[in-house]
Amino acid sequence: MPGVAVAAALPAGFRAVLAAGHLMFQAPAGTVPTSVLKNAQMDYEYAVRVPGKHVEVRYAIRPLGPQLAEYEQAKAKGEDLADPNELYSSLMTMVALNVSGGDEPVTEDFPAEAVRQEFGADWGTTTMVRAGKEFGPKYARCMIVALHRKNAADAYCFYLFDKPADLGPLLDEPTGAAFHALRFE
């Protein structure tokens, strides 16, 4: 079935961060995998594009396991270290600043109940920024969706596009929609 990523068909690195972050992924219908662009603005593990449209969706997963272990060790020693479960909003701001090349993001948090039901997350937000010259050199805009689940991961979806009309159908599609490609288990 086109656009549905079979777990074994996903790159090993992406499968590993999905598992470590307790996430499930279903590629949006009508998309095909595309290569990961190495850049200094934001690393990501997987990307898909929409054939015939100038739209790409990139996925970056940041499992919290290593940071949680470091936090617990510091706490046991009486050291002061930020709880990784409290950094998601600040991290989203930094990510948006990075991918845009410095644009200050205006975020819109998702309602708590909706983000739980739709993504299995504890928090989620979205913003729109310009695509930075390294992160999205072929695109004008980048919509970012950030999700956080306590003790699991921070996940970022980057929707790169020029014309909102090209992005709209990908987000509105009832099954396999790009907006819900990532979900916490």
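Before reading further, recall that the structure is shown in the block above.
On a predicted model such as this, the values are computed, not experimentally measured, just so you know.

Draft legend 1. Spotlight on the side chain of His148. Counting through the fold element by element, His148 comes out in strand β7 (residues 141–149). Engagement of the side chain of His148 in a polar contact is seen with the side chain of Asn85, the distance being 3.4 Å.

Draft legend 2. Summary view of the pattern of salt bridges. Across all of its chains, the model carries six salt bridges by this definition. Between Asp166 and Lys53 there is a salt bridge, with the nearest N and O atoms lying 3.8 Å from each other. Residue Asp166 is found in helix α5 (residues 164–172), and its partner Lys53 is found in the loop between β3 (46–49) and β4 (55–63); the two are separated by 113 residues along the sequence. Look at Asp166 and you get buried, because its relative accessible area is 14%. A salt bridge links Arg58 to Glu56; the shortest N-O distance between them is 2.7 Å. For the pair formed by Arg58 and Glu56, the shared burial category is buried.

Draft legend 3. View of the packing of aromatic side chains. As enumerated under the stated definition, the model contains twelve aromatic pairs in all. Here Phe135 and Phe158 contribute two aromatic rings whose centre-to-centre distance is 5.0 Å and whose plane-to-plane angle is 65°, an arrangement assigned as edge-to-face. Here Phe158 lies in strand β8 (residues 153–161) and Phe135 lies in the loop between β6 (123–130) and β7, a separation of 23 residues in the sequence. Residues Phe135 and Phe158 agree in their burial class; the two are buried. Each residue in the set Phe14, Phe25, Tyr46 and Tyr59 is aromatic and connected to the rest through ring pairs, giving one cluster. The ring centre of Phe135 lies 4.7 Å from the NZ or CZ of Arg58, which sits over that ring.

Draft legend 4. Up close: helix α2 (residues 65–76). Taking 1.5 Å of rise per residue, twelve residues should cover 16 Å, and α2 covers 17 Å from first to last C-alpha, within 8% of that figure. Every buried residue belonging to α2 is among Leu68, Tyr71 and Ala74, and all of these are buried. Projected onto a plane normal to the axis of α2, the buried residues spread over an arc of 125° and lie on a single side. Residues of α2 that are exposed and point over 90 degrees away from its buried face: Pro66, Gln73 and Ala76. Looking at the residues trailing α2, positive phi occurs at Gly78, about 80°.

Rules used throughout
Residues numbered from 1 in each chain as written. Predicted model: local features only at pLDDT ≥ 70, side-chain atom pairs only at ≥ 80, totals over all residues. Heavy atoms only, no water. Helix = DSSP H or I, 4+ residues; strand = E, 2+ residues; numbered from the N terminus. Polar contact = N/O pair within 3.5 Å; in protein donor to acceptor, adjacent residues only side chain to side chain. Salt bridge = Lys/Arg side-chain N within 4 Å of Asp/Glu carboxyl O. Buried < 20%, exposed > 50% of the residue type's maximum accessible area, 1.4 Å probe, protein only. Phe/Tyr/Trp six-rings, centres within 6.5 Å; stacked < 30°, edge-to-face > 60°. Lys NZ or Arg CZ within 6 Å of the ring centre and 35° of its normal. Expected span 1.5 Å × (residues − 1). Arc of directions from axis to C-beta.

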